[in-house]
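These are the residues of each chain, in order.
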Amino acid sequence: MFQEYKEEPLTPAGRLFIQPETNISVICCLGTHEPLRIDAIKSVIADSMLAKHPRLSSILVVDKNGHEYWRKTKIDMNRHIIFHNDPIEGAKDDQDAANILMADLAVSVPFETDKPLWELHLLISHKCAVIRAHHALGDGVSLLSFFLAMCRKADDPEKMPSMNPVVVTRSNGGGEAIGGILWRLLKLVWFTVVFVVDFIARVLWVRDETTVVSGGAGVELWPRKLVTARFLIDDMKIVKKYIPNTVSLSF
């Protein structure tokens with residue numbers, strides 16, 4: 001299935017994300033209760049779709065006309081799996097250590113373009129892994145779906161985890177009177193005009209106020225600090241129960 005892969009041009013969104021002004025990475029963290037087993041991690045990744053998927057095993061190339069393409073290459077795991085053996089300096093606990101590393105990865109070292117645009121950072125002393133992937137590879141939903149496809153259920157190691165689809169019920173408007181249809185159409189046109197005029201006015205005349213967090217020149221490269229918030233699953237279930245479609249995950 002993957003052997004027929006040829007050079008593939010970047011999507012418009014991918015080209016946007018590789019621009020210097022919008023160079024964006026997707027970063028996530030996984031923590032464990034047990035120490036990280038390095039050999040097992042390498043073996044699993046080498047045999048997984050992560051090393052075989054065309055997009056994740058391709059490098060970014062630019063031709064003489066300035067067009068960007070994905071070109072298939074052979075993955076060197078030693079360049080993608082990065083070990084952090086020593087404790088993170090200044091970290092209060094394992095969670096704080098992961099936050100410090102992720103904040104640093106967000107603005108510090110850009111991806112090397114002579115290898116596929118993803119990395120796995122293993123914090124040995126803190127028993128966690130940080131995955132860093134360039135946004136040009138995909139959005140958060142597609143990368144999450146890919147990650148879930150690599151996982152297996154705890155009660156059945158042969159099956160992939162599943163998520164219940166969100167079913168949206170729609171009312172049957174077959175018996176709606178012509179007056180109701182015209183009224184909804186009129187409101188659609190009116191609010192569209194209002195929002196367009198409001199958008200144009202804001203672009204031309206409205207500016208954000210300068211505050212203590214506004215930053216200055218080069219603010220996108222200033223040091224970052226991450227703070228983690230924890231939510232109980234039971235609380236998320238309550239929110240999902242009383243406010244439909246607020247929580248996208250299915251519990």
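Refer to the structure presented above.
Below: a short report on this structure.

What follows covers the pattern of salt bridges. For the coordinates displayed, the defined rule picks out seven salt bridges. Across the pair Glu-8 and Arg-55 runs a salt bridge, and its minimum N-O distance is 3.1 Å. Of this pair, Glu-8 sits in strand β1 (residues 8–9) while Arg-55 sits in the loop between α2 (38–46) and β3 (58–62), placing them 47 residues apart in sequence. On the basis of relative accessibility, which here comes to 27%, the residue Glu-8 falls in the partly exposed class. Given the relative accessible area of 18%, Arg-55 is considered buried. Ionic pairing is found between Lys-115 and Glu-119, a salt bridge with its closest N-O pair at 3.7 Å.

In this structure, Ile-45, Trp-70, Met-77, Trp-118, Leu-120, Leu-122 and Leu-137 are the most contacted members of the largest nonpolar core, which totals 24 residues. With three residues, strand β6 (residues 118–123) is the single largest residue contributor to this core. Contacts of Leu-122, omitting those with residues within four sequence positions, involve Leu-36, Ile-38, Ile-41, Ile-81, Ile-82, Phe-83, His-84, Cys-128 and Ala-129. Membership of the second largest hydrophobic core comes to nine residues, among which are Ile-88, Leu-101, Met-102 and Cys-128.

Now for the sheet that holds β6. Here four strands make up an open sheet; going across it, the order is β2-β7-β6-β5 and the pairing mixed. Of all the strands in the sheet, the pair left with one neighbour each is β2 (25–31) and β5 (81–84). Averaged over all pairs of adjacent strands, the angle between strand axes in this sheet comes to 20°, irrespective of strand direction. Note that β2 and strand β7 (residues 128–134) share seven bridges and pair antiparallel. By the bridge assignment, Cys-29 is partnered in β7 with Val-130.

To continue, consider the layout of surface pockets. Size it by volume and the largest pocket reaches roughly 1100 Å³. If you trace the largest pocket, you find 37 residues lining it, with Leu-30, Ile-131, Phe-147, Met-150 and Cys-151 closest to the centre. At the level of elements, β2, α2, β6, β7 and α5 (140–150) are the ones that each hand at least two residues to the lining of the largest pocket. The biggest single contributor to the lining of the largest pocket is α5, with seven residues. Its residues assigned to classes, the lining of the largest pocket shows 29 nonpolar, three polar and five charged. Each pocket or cavity is described by its volume, and for the second largest pocket that value is around 500 Å³. If you trace the second largest pocket, you find 23 residues lining it, with Pro-20, Asn-23, Ile-24, Ala-106 and Pro-110 closest to the centre. When residues of the lining of the second largest pocket are traced back to their parent elements, those giving at least two are β3, α4 (94–107) and β7. For the lining of the second largest pocket, a count of residues per class yields 14 nonpolar, six polar and three charged.

Quick notes on the rules
- Residues numbered from 1 in each chain as written.
- Predicted model: local features only at pLDDT ≥ 70, side-chain atom pairs only at ≥ 80, totals over all residues.
- Heavy atoms only, no water.
- Salt bridge = Lys/Arg side-chain N within 4 Å of Asp/Glu carboxyl O.
- Helix = DSSP H or I, 4+ residues; strand = E, 2+ residues; numbered from the N terminus.
- Buried < 20%, exposed > 50% of the residue type's maximum accessible area, 1.4 Å probe, protein only.
- Core = buried A, V, L, I, M, F, W, Y, C linked by side-chain atoms within 4.5 Å.
- Contact = heavy atoms within 4.5 Å.
- Pairing = 2+ DSSP bridges.
- Axes fitted to C-alpha atoms, helices over the stretch in contact; angles between N-to-C directions.
- 1 Å grid on protein atoms, 1.4 Å probe; cavity = no way out; pocket = protein on both sides within 12 Å on 5 of 7 lines; lining within 4 Å.
- Points joined across faces, edges and corners; volume = space filled by probe spheres on them.
- Nonpolar A, V, L, I, M, F, W, Y, C, P; charged D, E, K, R; others polar.

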